[in-house]
Amino acid sequence: MIDIAREYRVALPAWVDDELAGVPAALPSREDRMRLVHRLADRNWRAGDGGPFAALVTERESGRIVSVGVNVVLSAGVSGAHAEVVALGLAQRATGGWDLGGAGLPAHELVVNWRPCVQCYGATMWSGVRGLVVAGEGPELEELTTFDEGPVGADWAEQFERRGIEVVTDVLRDEALAVFHAYRKAIDDGEVAVYNARGGAE
């Protein structure tokens, strides 16, 4: 029999519990939701689990937190373990199915600290969420972090909207950039590993 791996595990770091201690079960404002995302993103890269990225899935109207995700590519050893994918997967486990827009469920939204990369773009689109809230979009993320975000089209937001997914941008954008600037300093000081910096080069 061929000896192959048959499963892999992606889990939140233990420190997430500390960050969530005292956080209310529901965050009514999108700004409050994004503040939590920024705090998790900043803690994540400093802890060495992955890049400076975090996400929440919440019930859109009530703000009830359904799941939290951070980028755990380094700690999990799985290239696809981005914050959005982790948050969406955990939300689907929490709600009992693969469709976060399924019958009888409240509308869910994904809150993330920048426009999704090409992988997370697809994951978000097919997850069933009815809203996507981002801190920002544009070249700053790639310029500061040196990550290759992939070929996401200029009409990325329009494509979500055409599929019934509301897009809200520029929620606490400056706070997102502050996290990326801190991460860039750590790159320049040789303190962190940027795990997809080749940008497709051989």
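Predicted model, so just to flag it, every value in this text is computed and none were measured.

For any pair of aromatic rings, the description consists of the separation of the ring centres together with the inter-plane angle of the planes. With the rule as written, the count across this model stands at eight aromatic pairs. Considering the side-chain rings of W156 and F160, the 6.2 Å spacing of their centres and the 85° angle between planes classify their relative orientation as edge-to-face. Taken together, the residues W156 and F160, both in helix α7 (residues 156-162) and four residues apart, mark about one turn of the helix. Each member of the pair, W156 together with F160, is buried. Among the aromatic residues, those joined into a ring-pair cluster are W45, F53, W114, F147, F180, Y183 and Y195.

The next thing to look at is the nonpolar core. M34, L40, V57, L132, W156, F160 and F180 are the most contacted members of the largest nonpolar core, which totals 57 residues. Take this core: its biggest share by element is seven residues, from helix α8 (residues 173-188).

For the rest of this paragraph, the subject is the pattern of salt bridges. Scanning all chains against the criterion turns up 14 salt bridges. Among the salt bridges present, the one from R64 reaches E59, with a minimum N-O distance of 2.9 Å. A relative accessible area of 38% places R64 in the partly exposed class. With a relative accessible area of 15%, E59 lands in the buried category. For R173, the salt bridge goes to E140, with nearest N and O atoms at 2.6 Å. Of this pair, R173 sits in helix α8 while E140 sits in helix α6 (residues 140-145), placing them 33 residues apart in sequence. We classify E140 as partly exposed; its relative accessible area is 23%.

Turning to the environment of T124, a few remarks are in order. Note that T124 resides in helix α5 (residues 118-125). Look at T124 and you get buried, because its relative accessible area is 0%. Distance from T124 to L110, taken between C-alpha atoms, is 7.8 Å for residues 14 residues apart in sequence. Discounting chain neighbours no more than four positions away, the residues touching T124 are L88, L110, P116, V129, L132, F160 and I165.

Conventions used here
Residues numbered from 1 in each chain as written. Predicted model: local features only at pLDDT ≥ 70, side-chain atom pairs only at ≥ 80, totals over all residues. Heavy atoms only, no water. Phe/Tyr/Trp six-rings, centres within 6.5 Å; stacked < 30°, edge-to-face > 60°. Helix = DSSP H or I, 4+ residues; strand = E, 2+ residues; numbered from the N terminus. Buried < 20%, exposed > 50% of the residue type's maximum accessible area, 1.4 Å probe, protein only. Core = buried A, V, L, I, M, F, W, Y, C linked by side-chain atoms within 4.5 Å. Salt bridge = Lys/Arg side-chain N within 4 Å of Asp/Glu carboxyl O. Contact = heavy atoms within 4.5 Å.

It is worth stressing that arrangement in space is one thing and function is another; only the former is reported here.
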